[in-house]
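Examining the three-dimensional arrangement
As a plain string of letters, each chain reads:
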Amino acid sequence: MKRWIVVCALPLLVAASATPDYARKWTVQLPSADAGAYRVELTPEVYRTIASSDLRDLDVMDAGGKPVASDVFAPDAPLASKPTRTQVPWFALQVPDGGDAGSLALIAQRDTAGRILSLQAQATREGIGSNARAFLFDLSAVKGRIDALELGLRPDAQVDAAFRVEGSDDLQQWRTLATHAQVLSLAQDGRRLARTDVALEGAARYVRLVPVDAAPTLPLQQVAARIATAPQEVPWQWEALQSTSKGDNKQGYEFELGGRFPIERVDVQSNGNAAIEWRVESRADDDAPWVLRAGPWIAYRVADKAGAAASAPVGTLGGPVRDRHWRLVAQSGKPTESPTLRLGYRPEVVVFLAQGTPPFALVAGSARARRAEAPLPRLVEAMQQQRGDQWRPAAATLGTGVALAGDAALAQHMTPQDWRQMVLWGVLVIGALVVGFLALQVLRKAPEQR
C-alpha cells in the first residue's frame, strides 16, 4: 500500500520541482577580456517580454540553466559607483589658546600651478602635526567639484570637536564656507560612532578648519577630497503609440504600451496646428482605476509658412511608471484628429557576476519565476575598494532573442506552494481511503470469526 502512495504522489513532486519557464532568452555577448562582472543594457524587446512590474521575472543564467547573481540598476546610477576620491596635501596650524585663528598670517611658497611648496604661519611650530587644532588643505590641484573632505584620523582617536570652515583662493582673503562642522570619532563598549567628513558648500583653492570650541587636538593622519561624480547622460528613447479608441472630451484616447518600460516623460504629437490642454493618466491592468500622471498640461503645435513648427515642452512625470495602459483626456480644446502619444524612458542595466559556465543568457517573462536577491551594490563597492574607484563592470551586449516557453510561461501557473498543498491533500485523501479500506476488511472478517 505504501508503494501505491509513493507512485501516486511522484508526478506531483516532479511537477513541483520543475524549473520555472521563461518566455524568451537572449545570449549575452561578453568582451574578449575576462572582467568577472558585466553590465548589459535592456532593450525594447526585453521590456515587452517582462511580465512583472518589479522586473523580478528577469534573470541571468549560465550555460547549465543555473541563475547567477544579478540585479537591475537605474539608468542614472547603473553601477552604484562611489564618488572619486583623491588625497590632498595638508598642513597643521597651532592656534594659540584664546587667540583668533582668523588673524593668522600665512606665508606660502607656491609653484606655477598654485600648489603649496612650503608654508610658514604665525604661531606655527615644528612637530605639531599630531597635536594641531587647526588645519590648512591645498585643493589647488584637484579637478572637479569637491563635495567634502574626508578626514583620516588615528584609529584610536576619541574626538568630539567643532570647526569653522573657511575658503580662500590666494591665502590672503578668507571667506566662511560653513560656520559649524562637527567631527566625531567615539568608541565605547566595542561600538564606534564616527563622522569624519566635512561638507564644502562652495569652491575654493584652499580650505582651512578653525576650531570654534576648546576641543582637544585632532589626530589627523590623511585627508581625501571627495569629488562629485557627474550624472551619466543616458540618451532618451521614445515609444510612439497610436490610440486604440476613438476618444472624446470625456472618455479620452486610450493607448497600449505593451511593455514594462520605465516611463518618465510624455509628449503629444499632432499633424496640424493644435492647442489642447491634456490630462495624462495610466493604469497597470484593464480593471484597475486610472491614475493621474501629468497635467493639466498644454500641448501645442504652430507651424509657419516655411513649414517650421514650434511645439510644447515635454511633460515630466514624478518618477518611472511601468503601466501598460495610458490615456489622454482633453481638458480644454477639441482635438480634430487622434493624437500620437510619445512615452520617453531611459534604459536600465542589468549587472551580473560571471559565475558558473559561459555562455550566459538573459531570460525574461514568467508568471511565477522570481529573481533571487543578490548583494550586487555591495559587490561593486567591494570591487572598487580592491581595484580602485575607477573600476566598472565590463559592458556586454545582447544577441538576438529566441523563444523559450513563449506565452505559456506568462500564463498563471500553480506556484510551488500550491503544488505542496496538493501533494499534502492527495496524501491525506489516499490515507483516508486506505484507512476506510482496512476498516471494511475488518468488518467483513468479524462475522466469519463468530
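Report follows, based on the coordinates. Bear in mind the structure is a predicted one, so any value in this text is a computation, not a measurement.

Check the secondary structure of the chain and you find 5 helices and 28 strands. The contacts of the chain with a sequence gap of at least 6 include a subset with a gap of at least 24, amounting to 80%.

One pass over the full model with this rule turns up 7 aromatic pairs. Plain terms: the ring middles of Tyr47 and Tyr345 are 5.7 Å apart, the flat faces sit at 75 degrees to each other, and that makes the pair edge-to-face. Highlighted residues: Tyr47 in helix 2 (residues 44–49) and Tyr345 in strand 25 (residues 340–345), separated in sequence by 298 residues. Across the pair, Tyr345 and Tyr47 agree in class, each one buried. An aromatic cluster of three or more residues is present, and its members are Tyr38, Phe352 and Phe360.

What follows covers the nonpolar core. Counting residues in hydrophobic clusters, the biggest one holds 43 residues, and the most contacted among them are Val46, Leu58, Trp326 and Leu362. In contact with Leu362, not counting residues within four places along its chain, are Arg24, Lys25, Trp26, Val28, Leu42, Val46, Leu58, Asp59, Val60, Val350 and Leu398. Membership of the second largest hydrophobic core comes to 30 residues, among which are Phe137, Val142, Ala181 and Leu200.

It is worth spelling out the pairing of strand 27 (residues 360–364) at this point. Counting buried positions along strand 27 gives 5 out of 5 residues, so the element sits mostly inside the fold. The side-chain alternation of strand 27 yields two buried faces, one formed by Phe360, Leu362 and Ala364 and the other by Ala361 and Val363. Examined bridge by bridge, strand 1 (residues 24–29) and strand 27 share 5 bridges and lie antiparallel to one another. Bridging across to strand 27, Lys25 finds its partner in Val363.

What follows covers the sheet that holds strand 25. Sheet architecture is open: 4 strands sit in the order 17-25-19-23, paired in antiparallel fashion. The sheet is open, and its two edges are formed by strand 17 (237–242) and strand 23 (315–321), each paired on a single side. If you compare each strand with its neighbour and ignore which way they point, the axes differ by 30 degrees on average. Two elements, strand 19 (residues 263–269) and strand 25, share 6 bridges in a ladder whose sense is antiparallel. The partner of Val268 across the bridge, within strand 25, is Leu341.

Within strand 15 (residues 206–211), 6 of the 6 residues are buried, which leaves the element mostly enclosed by the surrounding structure. Pairing between strand 9 (residues 134–138) and strand 15: 4 bridges, direction antiparallel. Residue pairing in the sheet places Phe135 in a bridge with Leu209 of strand 15. Here 6 bridges tie strand 11 (residues 159–168) to strand 15, and the two strands are oriented antiparallel to one another.

The next thing to look at is the sheet that holds strand 5 (residues 84–87). Spatially, 5-16-10-14 is the arrangement adopted by the 4 strands of the open sheet, whose pairing is antiparallel. Two strands lie at the open edges of the sheet, namely strand 5 and strand 14 (197–199), each paired on one side alone. In this sheet, adjacent strand axes meet at a mean angle of 25 degrees when their direction is disregarded.

Mapped onto the fold, Arg260 is located in the loop between strand 18 (253–256) and strand 19. No salt bridge is formed by the buried Arg260; the nearest opposite charge belongs to Asp285, separated by 4.7 Å. Apart from residues no more than four positions distant in its own chain, Arg260 is found in contact with Tyr47, Ile50, Ala51, Ser52, Ser53, Leu55, Arg322 and Arg324.

Summarising the element assignment, Val40 is placed in strand 2 (residues 37–41). Not counting residues up to four positions away in its chain, the partners in contact with Val40 are Glu348, Val349, Val350, Ala396, Thr397 and Leu398.

This next bit is on the environment of Glu256. Along the polypeptide, Glu256 turns up in strand 18. Note on Glu256: relative accessible area 40%, which makes it partly exposed. As a C-alpha pair, Glu256 and Ser282 span 26 residues in sequence and 9.9 Å in three-dimensional space. Excluding anything up to four places from it in sequence, Glu256 contacts Leu241, Thr244, Arg324 and His325.

Residues Leu424, Trp425 and Leu428 make up a contiguous nonpolar surface patch of about 370 Å² in total accessible area. Summarising the element assignment, Leu428 is placed in helix 5 (residues 416–449). Given a relative accessible area of 48%, Leu428 falls into the partly exposed group.

Right, let's talk about a negative patch on the surface for a bit. A cluster of like negative charges, contributed by Glu256, Asp285, Asp286 and Asp287, occupies part of the molecular surface. Structurally, Asp286 can be placed in the loop between strand 20 (274–283) and strand 21 (291–303). Of the residues examined, Asp286 reaches a relative accessible area of 55% and is grouped as exposed.

As a further point, take the pattern of salt bridges. Throughout the structure, instances matching the rule amount to 18 salt bridges. With its nearest N and O atoms 2.8 Å apart, the salt bridge here joins Glu239 to Arg48. Linking Glu239 in strand 17 with Arg48 in helix 2, this pair joins segments that are 191 residues apart in sequence. Arg56 is the salt-bridge partner of Glu373, the closest N and O atoms lying 3.4 Å from each other. Residue Glu373 is located in the loop between strand 27 and helix 3 (376–387), and its partner Arg56 is located in the loop between helix 2 and strand 3 (58–61); the two are separated by 317 residues in the primary sequence. With relative accessibility at 15%, the residue Arg56 sits in the buried group. One network of salt bridges, with partners in common, ties together Arg85, Glu150, Asp197 and Arg226.

Rules behind the numbers
Residues numbered from 1 in each chain as written. Predicted model: local features only at pLDDT ≥ 70, side-chain atom pairs only at ≥ 80, totals over all residues. Heavy atoms only, no water. Helix = DSSP H or I, 4+ residues; strand = E, 2+ residues; numbered from the N terminus. Contact = heavy atoms within 4.5 Å. Phe/Tyr/Trp six-rings, centres within 6.5 Å; stacked < 30°, edge-to-face > 60°. Buried < 20%, exposed > 50% of the residue type's maximum accessible area, 1.4 Å probe, protein only. Core = buried A, V, L, I, M, F, W, Y, C linked by side-chain atoms within 4.5 Å. Pairing = 2+ DSSP bridges. Axes fitted to C-alpha atoms, helices over the stretch in contact; angles between N-to-C directions. Lys, Arg positive; Asp, Glu negative; His and termini not counted. Salt bridge = Lys/Arg side-chain N within 4 Å of Asp/Glu carboxyl O. Patch = residues over 30% accessible without salt bridge, like charges linked within 9 Å, V, L, I, M, F, W, Y side chains within 5 Å. Areas by Shrake-Rupley, 256 points an atom, 1.4 Å probe, with all protein chains shown as cover. Charge placed at Lys NZ, Arg CZ, Asp CG, Glu CD.

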